[in-house]
Amino acid sequence: MIDVYSWPTPNGHKVHIMLEECGLPYRVFPVDIGAGDQFKPEFLAISPNNKIPAIVDSDGPDNKPISLFESGAILVYLAGKSGQFLGDTDREKYQTLQWLMFQMGGFGPMLGQAHHFRIYAPEKIDYAYDRYTNEARRLYGVIDTQLSRTPYLAGEQYTIADIAVFPWARSAANQGINWEEFPHAKRWFDEIAARPAVQRAVQVLADYRKPLTSDTARDALFGNSQYQRKTA
């Protein structure tokens, strides 16, 4: 049994999708990041960067439990454990990993900044608003070009690269994206959104999601609480 400590965010949904696609048994424990659950010592013990998601697999390597944080690392681990969605050959695996790194280093962090300065910032800062909106459009252009050549990001097969990118694209409108400008990416998005495992996964913890309205939640996500040093 894999225990998943998560919240209904793009990074959380990456792992939910992977587990549903692989058919691995799992239990979900909500980590309310608006309430500051990510700073609790018991969570920091498995996720020292105080970010969701994290997992604990009771049947890890050498039949011993293992805990992992960082969604990309978790996807690679689950692909290895299940033998699925990484690619069959060494070439395919490296192609998958390069697009996974693209998501982890760009199509994620930059879209997160676009979200912040377009939706959550207490005041509009034109420079930041324009910079990250433009970067979001550039990144969608990158995947649109790739998907004009191949059905999926890493080639002919659906992989953890697609699983990593897809949840971030669910909020394209909030990132300033007009899908009509990216038809190949939209074709890919609609195909993945129709997968039964994906439809199940995006409902995981969905009832817990609520609008960001309280000062406590803003502080937990964006304020001083985020930057204080924490220990398990």
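The shown structure was predicted, so the numbers you read here are calculated from the model rather than taken from an experiment.

Here we look at the UniProt feature "domain: GST N-terminal" (unreviewed entry) in the chain
Part 1 of the argument: Under the present numbering, the feature "domain: GST N-terminal" (unreviewed entry) in UniProt falls on residues 1-86.
Part 2 of the argument: Taken end to end, residues 1-86 is 34% helix and 21% strand, and its two terminal C-alpha atoms sit 21 Å from one another.

Side note on helix H1 (residues 10-22)
Part 1 of the argument: Taking 1.5 Å per residue, 13 residues should reach 18 Å; H1 reaches 18 Å between its end C-alpha atoms and fits that length.
Part 2 of the argument: Extensive coverage of H1 is indicated by the burial of 12 of its 13 residues.
Part 3 of the argument: Every buried residue of H1 is accounted for by Pro10, Gly12, His13, Lys14, Val15, His16, Ile17, Met18, Leu19, Glu20, Glu21 and Cys22.
Part 4 of the argument: Directly after H1, the chain includes Gly23, whose backbone phi takes a positive value near 75°.

Observations concerning the packing of helix H7 (residues 160-169) against helix H8 (residues 183-193)
Part 1 of the argument: Their axes nearest at 10 Å, the elements H7 and H8 cross at an angle of 100°. On the basis of the axis angle, H7 is roughly perpendicular to H8. Where H7 abuts H8, its residues Asp162, Val165, Phe166 and Ala169 lie against Trp188, Phe189, Ile192 and Ala193.
Part 2 of the argument: Each residue belonging to the contact of H7 with H8 can be placed in one class, and the counts come to 7 nonpolar, no polar and 1 charged.

Considerations on the side chain of Ser6
Part 1 of the argument: Within the fold, Ser6 resides in strand S1 (residues 2-6).
Part 2 of the argument: Beyond its immediate sequence surroundings of up to four residues, Ser6 is in contact with Gly12, His16, Phe29, Pro30, Val31, Ile52, Pro53 and Leu205.

Focus: the pairing of S1
Part 1 of the argument: Within S1, 4 of the 5 residues are buried, which leaves the element mostly enclosed by the surrounding structure.
Part 2 of the argument: Across 5 bridges, S1 lies against strand S2 (residues 26-30) in parallel orientation. Its bridge partner being in S2, Ser6 is matched across the sheet by Pro30.
Part 3 of the argument: Following the chain from S1 across H1 to the adjacent parallel S2, one finds a crossover that is right-handed.
Part 4 of the argument: Relative to strand S3 (residues 54-57), S1 runs antiparallel, the two sharing 4 bridges. Paired with Val4 across the two strands is Ile55, which belongs to S3.

Analysis parameters
- Residues numbered from 1 in each chain as written.
- Predicted model: local features only at pLDDT ≥ 70, side-chain atom pairs only at ≥ 80, totals over all residues.
- Heavy atoms only, no water.
- UniProt positions renumbered as here; feature names shortened; annotations may be inferred.
- Helix = DSSP H or I, 4+ residues; strand = E, 2+ residues; numbered from the N terminus.
- Expected span 1.5 Å × (residues − 1).
- Buried < 20%, exposed > 50% of the residue type's maximum accessible area, 1.4 Å probe, protein only.
- Axes fitted to C-alpha atoms, helices over the stretch in contact; angles between N-to-C directions.
- Parallel < 35°, antiparallel > 145°, perpendicular 65-115°, else oblique.
- Contact = heavy atoms within 4.5 Å.
- Nonpolar A, V, L, I, M, F, W, Y, C, P; charged D, E, K, R; others polar.
- Pairing = 2+ DSSP bridges.
- Right-handed = clockwise from strand over helix to strand, strands pointing away.

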